[in-house]
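Read off the chains here:
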Amino acid sequence: MTRFAAINTTFIHLFFLFTSTFSGVNPTSVLPNNRRTPLVFPLTLSPQIPDAKFRRNLQSKRVPPNAHMNLFDDLLSNGLYIGTPPQEFALIVDTGSTVTYVPCSNCDHCGHHQDPKFQPDHSNTYHPLKCNPDCTCDAENVLCAYERRYAEMSSSSGVLGEDIVSFGNQSELKPQRAVFGCETSETGDLYSQHADGIMGLGRGELSIVDQLVDKGVISDSFSLCYGGMGIGGGAMILGSISPPSDMVFSHSDPDRSPYYNIELKELHVAGKKLPIDPKVFDGKHGTVLDSGTTYAYLPEKAFLAFIHALTNELHGLKQIRGPDPNYNDVCFSGAGSESSELSKVFPTVDMVFENGQKYSMSPENYLFKHSKVRGAYCLGVFQNGKDPTTLLGGIIVRNTLVTYDRNSLKVGFWKTNCSELWENLRVNDTLLTPAPTPSSGEVSAPGRSPASAPDGVPSYVIPEIIKVGFITFAMSLSIKESDLKPHVSELFGFIARDLEVNISQVHLQNLASSTNGSLIKWAIYPEGSSKYISNTTAMHIIAHLAKNDVQLPETFGSYNLVDWKVEPPMKRNWWQQHYLIMVMAVILTLMSGLFVYGIWFIWKWRQQTIAQYKSVDSDATIPEQELQPLRL
């Protein structure tokens, strides 16, 4: 899978429910000035497969792209609920997709994803879309069909259906009927990804945004905020918000391209403008924002100028080979392992828009971690072949609240801590104030910056209502299983040391051979008799896993972290839940039985004793008769 800075889709499986912070307010009700309450949803980490790497470019002869690179933190953990009764799906947010789709029960070629396939027959409200002049029909001319093929050789195809769609039982968005894709075949990345499907936020009548807007549920705007390097988290906001006072905007022309575009005119490196013609960013589709793409791709002239300017600003770093020999990545070692310190080594890069406003990017917005060399980083900016389109993927907007104001035809950027944004929005409604209409004359209230996390605490936001039962992760080692088995006990110590837990909390779940060596799965359980891992401890463990901080001796060969997830407490059956009560009941019953038996035994013994001894009545005594002499 593509890495979002050496990272890719978590599944950290944080069990968030979608929630709007306006409790008691019906989002379908019209507010003063025709404003509607925005709906807020958390984004969460997706599982990591560092070795996998894909590059996607826009194609000219196809509909707006909706391939997805299993991004790091645009995964909705408690995603979409479809049908009656509802069936749950974890979806990946994609601004380049115009269709929302999930695997169908009759899918001939679908991968193994997080949740079971959609069962149309189990939904009382599902209706397939019949073939009509307004849609592309299937081979039998019976149902409406869709098909998407992508540059990285993945594809999705199936039929279109309509059903009740909801966003979790805590969401204030009432269930709505919506059209979605029921997959009958998927290939490539879509087949192998952990997430179930795609949530399409692009422009188009099948987009979930367009459908909700058409129903009058939300205003024509949404915002996304992705977490930083090795952190993740964030939020998606459906509906308009009052933008922070220092949010910068660029015009976005829907007639210019079918994608969300911005009017980029200049790039500055360390405050110095690149010596290139501004028209270089206006070729073909212009400058496109697409969360379905991980990295950034520049036209040739812009890319060469960017690389030259950047390397001139780097001092004391050594250029090294990239982690994947299939790609000629530009990487540097010697920068240190703390991503928060990168700004001391790498320069700031500015995007200047046509209106003169400037969006400043920190190093995490154009770098990703080298997966094999500690303290090394690679450029997440590449040349877009001979394609003149400028394509800006998710890496560009890390820790940035991006507002897609489709009603006002503009896109806004605001630097913030996206990992803490979701929790911050739950307690602070400043950002969630519905945006005033142009005619209202109101002034937008400035947004507040999210509160900083305590020192030493990673910025993974796990709400207190979430109970962490245990954490699992799998490692792929280059050493053979037979060679690893005698030394497995040593690994317990290394895992416990690097994750900063007691060795008693580390449990081996499985050890098996693999094509390249061995695959070993671990679990971190609560300490002692505790039922849960504290959220603070869980966040520390997650941070270490996300940053590949588990260091093993060379005797174990090289390793890759395959996947990791946070698990809820294990569900217990009736006996497990009540075994203590049952044991106590049995003990009390036995004790009661023994006590009753003891009382009965004593009574019985006394009765027997009384029967054996009979007192003599002196008045009834018969005098002993004298012996008569013996007669001969």
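Along each chain, the written sequence defines residue order, and numbers are assigned to residues from 1. Residues qualify for local features only when their pLDDT is at least 70, as the model is predicted, and side-chain atom pairs are given and counted only at 80 or more; totals for whole chains, interfaces and linings, by contrast, use all residues. The basis for every side-chain value is the complete set of non-hydrogen atoms in the structure, without hydrogens or water.

1. Examining the pairing of strand E28 (residues 470-477)
In summary, the side chains of a regular strand alternate between the two faces of the sheet.
Part 1: When you tally the buried positions in E28, you get 7 out of 8 residues, the bulk of the element.
Part 2: Where E28 meets strand E31 (residues 559-567), 8 bridges bridge the pair, whose relative direction is antiparallel. For methionine 475, the partnering residue across the bridge sits in E31 and is leucine 561.
Part 3: Only when DSSP finds a minimum of two bridges between them are two strands counted as paired. Numbering of helices and strands runs from the N terminus, with a helix taken as a DSSP run of H or I at least four residues long and a strand as a DSSP run of E at least two residues long. In this sheet, strand E30 (residues 517-524) lies alongside E28 in antiparallel orientation, the contact comprising 7 bridges. Residue exposure (1.4 Å probe, protein chains only): buried if accessible area is under 20% of the type maximum, exposed if over 50%, otherwise partly exposed.

2. Remarks on the nonpolar core
Part 1: Counting residues in each nonpolar core, the largest one holds 88 residues, and the members touching the most others are Phe306, Met351 and Phe413.
Part 2: Residue contributions to this core peak at 7 residues, all from helix H3 (residues 300-313).
Part 3: Domain limits in this description derive from either an automatic procedure or a database domain assignment. If you count residues domain by domain, this core takes at least three from each of domain 1 (67-218) and domain 2 (243-428).
Part 4: Judged by nonpolar contacts, the second largest core, of 33 residues, contains Leu511, Ala538, Ile541 and Val550. The term nonpolar core refers to a set of buried residues drawn from Ala, Val, Leu, Ile, Met, Phe, Trp, Tyr and Cys, joined through side-chain atoms within 4.5 Å.

3. Quick word on the pattern of salt bridges
Part 1: Here, a salt bridge means any Lys or Arg side-chain nitrogen found within 4 Å of an Asp or Glu carboxyl oxygen. As enumerated under the stated definition, the model contains 11 salt bridges in all.
Part 2: A salt bridge links glutamate 162 to arginine 177, with the shortest nitrogen-to-oxygen separation between them at 3.4 Å. With glutamate 162 in strand E7 (residues 155-166) and arginine 177 in strand E8 (residues 176-187), the pair connects residues that are 15 residues apart, well separated along the chain.
Part 3: Its relative accessible area of 26% is what places glutamate 162 among the partly exposed residues.

4. What to know about the UniProt feature "active site" (unreviewed entry) in the protein
Part 1: Those places that UniProt annotates as "active site" (unreviewed entry) correspond, in this numbering, to Asp94 and Asp290. A stretch of 197 residues holds the annotated residues, and the largest C-alpha distance among them is 7.2 Å, short enough that they meet in one place.
Part 2: Mapping aspartate 94 onto the fold places it in strand E3 (residues 87-94).
Part 3: You can call aspartate 94 buried: its relative accessible area is 0%.
Part 4: On the secondary structure map, aspartate 290 appears in the loop between strand E16 (287-289) and strand E17 (296-298). UniProt positions are given in the numbering used here, feature names are shortened, and annotations may be inferred rather than shown by experiment.

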